[in-house]
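A closer look at the structure
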Amino acid sequence: MSPQSLVTYRGAVYPSQCDHMGHMNVSSYVAKFDEATWHLFAAIGLTPSRLRAEPLGMAGLEQHIEYKRELFAGDVVTVSSEILELKNKTIRFAHEMKNDETGEIAARMVVVAACLDRTTHRARPLPADVRDRASSLIEGESAERTPARQP
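Residues numbered from 1 in each chain as written. Predicted model: local features only at pLDDT ≥ 70, side-chain atom pairs only at ≥ 80, totals over all residues. Heavy atoms only, no water.

1. Quick notes on the pairing of strand β3 (residues 76-86)
As a reminder of what qualifies: Think of it in three bands: residues with accessible area under 20% of the maximum for their type are buried, residues over 50% are exposed, and the middle band is partly exposed, with areas taken using a 1.4 Å probe on protein chains only. Strands here are runs of E lasting at least two residues and helices are runs of H or I lasting at least four, both read from the DSSP assignment and numbered beginning at the N terminus. Strands are labelled as partners when DSSP assigns at least two bridges between them.
Most of β3 sits out of view: eight of its eleven residues are buried. Where strand β1 (residues 6-12) and β3 come together, six bridges link them in antiparallel fashion. Each bridged residue has a counterpart across the sheet, and for Gly11 the counterpart in β3 is Val77. Examined bridge by bridge, β3 and strand β4 (residues 90-99) share nine bridges and lie antiparallel to one another. Along β4, the bridge assignment pairs Ser81 with His95. Linking two consecutive strands that pair antiparallel, namely β3 and β4, is a turn of three residues.

Spelled out as structure tokens, the structure:
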């Protein structure tokens, strides 16, 4: 991950998240990455209140996951996220999950998501302030230090 990455999730692996072989099941990796996605979206201005108030939504178009190291019940993990590419209607970003004890990368996921108009159910341009905040992360500024510009 680059210096522009944000910590978007911290948690632990619970026994209920493990499969018959004793390691964290793939569905749990996806669930933790999904939680990280919503933290990343909030950091660029796509907050829950905004998504409820405006006819605006996000939808995943593509996900690519690499499983690098097994995780077991009791392992503590952190997900860091970064924006890789920004287009008019889509955003491509990456999540990296690390085992906090060993420092090893357990998994990495790259996602392409589209901004949607929830009224028409069609892709729409990302709002200008969201594009500005996402661009600032690509350019190396922290979203927390960069105020969102008003449209």
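2. Topic: the nonpolar core
Short version of the rule: We call a set of buried Ala, Val, Leu, Ile, Met, Phe, Trp, Tyr and Cys residues a nonpolar core when their side-chain atoms join them within 4.5 Å. Only heavy atoms matter for contacts: two residues are in contact if any of them lie within 4.5 Å across the pair.
In this structure, Ile44, Leu46, Met58, Leu71, Ile91 and Met97 are the most contacted members of the largest nonpolar core, which totals 34 residues. Going through the elements one at a time, β1, α1 (26-43), β2 (56-67), β3, β4, β5 (105-117) and α3 (128-138) are the ones with two or more residues in this core. Those residues in contact with Ile91 that sit more than four places away from it in its chain are Ile44, Met58, Ile83, Glu85, Leu86, Val111, Val112, Ala113 and Ala134.

3. A word on the pattern of salt bridges
Here the idea is simple: oppositely charged side chains can pair when their charged atoms come close. We apply this condition: We count a salt bridge whenever a side-chain nitrogen from Lys or Arg sits within 4 Å of a carboxyl oxygen from Asp or Glu.
For the structure on display, the rule yields five salt bridges. For Asp129, the salt bridge is made with Arg50, and the minimal N-O distance between the two is 2.7 Å. Of this pair, Asp129 sits in helix α3 while Arg50 sits in helix α2 (residues 48-53), and the two are 79 residues apart along the sequence. Taken as a pair, Asp129 and Arg50 share a single burial class, namely buried. Residue Arg69 pairs with Glu104 through a salt bridge whose shortest N-O separation is 3.4 Å. Of this pair, Arg69 sits in the loop between β2 and β3 while Glu104 sits in the loop between β4 and β5, placing them 35 residues apart in sequence. For Glu104, a relative accessible area of 36% corresponds to the partly exposed category. Salt bridges here are not isolated pairs; linked through shared partners, they connect Arg50, Glu54 and Asp129.

4. Details of a nonpolar patch on the surface
Heads up, the rule is: Patch definition: residues above 30% relative accessible area lacking any salt bridge, with like charges linked at up to 9 Å and the nonpolar side chains Val, Leu, Ile, Met, Phe, Trp and Tyr linked at up to 5 Å. Per-residue and other accessible areas follow the Shrake-Rupley method at a 1.4 Å probe size, with only the shown protein chains counted as cover for residues.
A contiguous nonpolar patch, built from Val26, Val30 and Tyr67 and spanning about 240 Å² of accessible area, is present on the exposed surface. Within the element layout of this structure, Val26 appears in helix α1.

5. Re the confidence of the model for the protein chain
Note the threshold: Along the chain, pLDDT gives the predictor's confidence residue by residue, from 0 to 100.
For the protein chain, per-residue confidence averages 92 on the pLDDT scale, and residues scoring 70 or more make up 92% of the total. Across residues 141-151, where pLDDT falls below 50, the model places 16 contacts with residues more than four positions away in sequence or in other chains.

6. A look at unusual backbone geometry
Even without being a glycine, His121 presents a positive backbone phi close to 60°. Within the fold, His121 resides in the loop between β5 and β6 (122-123). Residue classification places His121 among the exposed residues on the basis of a relative accessible area of 66%.

7. Regarding the packing of aromatic side chains
Put simply, the test is: Classification of ring pairs rests on two measures: the distance between centres of Phe, Tyr or Trp rings, Trp counted by its six-membered ring, which must be within 6.5 Å, and the angle between planes, read as stacked under 30 degrees, edge-to-face over 60 and tilted in between.
For the structure shown, the criterion picks out three aromatic pairs. Aromatic side chains Tyr29 and Tyr67 sit 5.0 Å apart centroid to centroid with 75° between the ring planes, which places their arrangement in the edge-to-face category. Linking Tyr29 in helix α1 with Tyr67 in strand β2, this pair joins segments that are 38 residues apart in sequence. Judged by its relative accessible area of 3%, Tyr29 is buried. Residue Tyr67 is classed as partly exposed on the basis of its relative accessible area of 41%. Taken together, Trp38, Phe41 and Phe93 form an aromatic cluster joined through their ring pairs.

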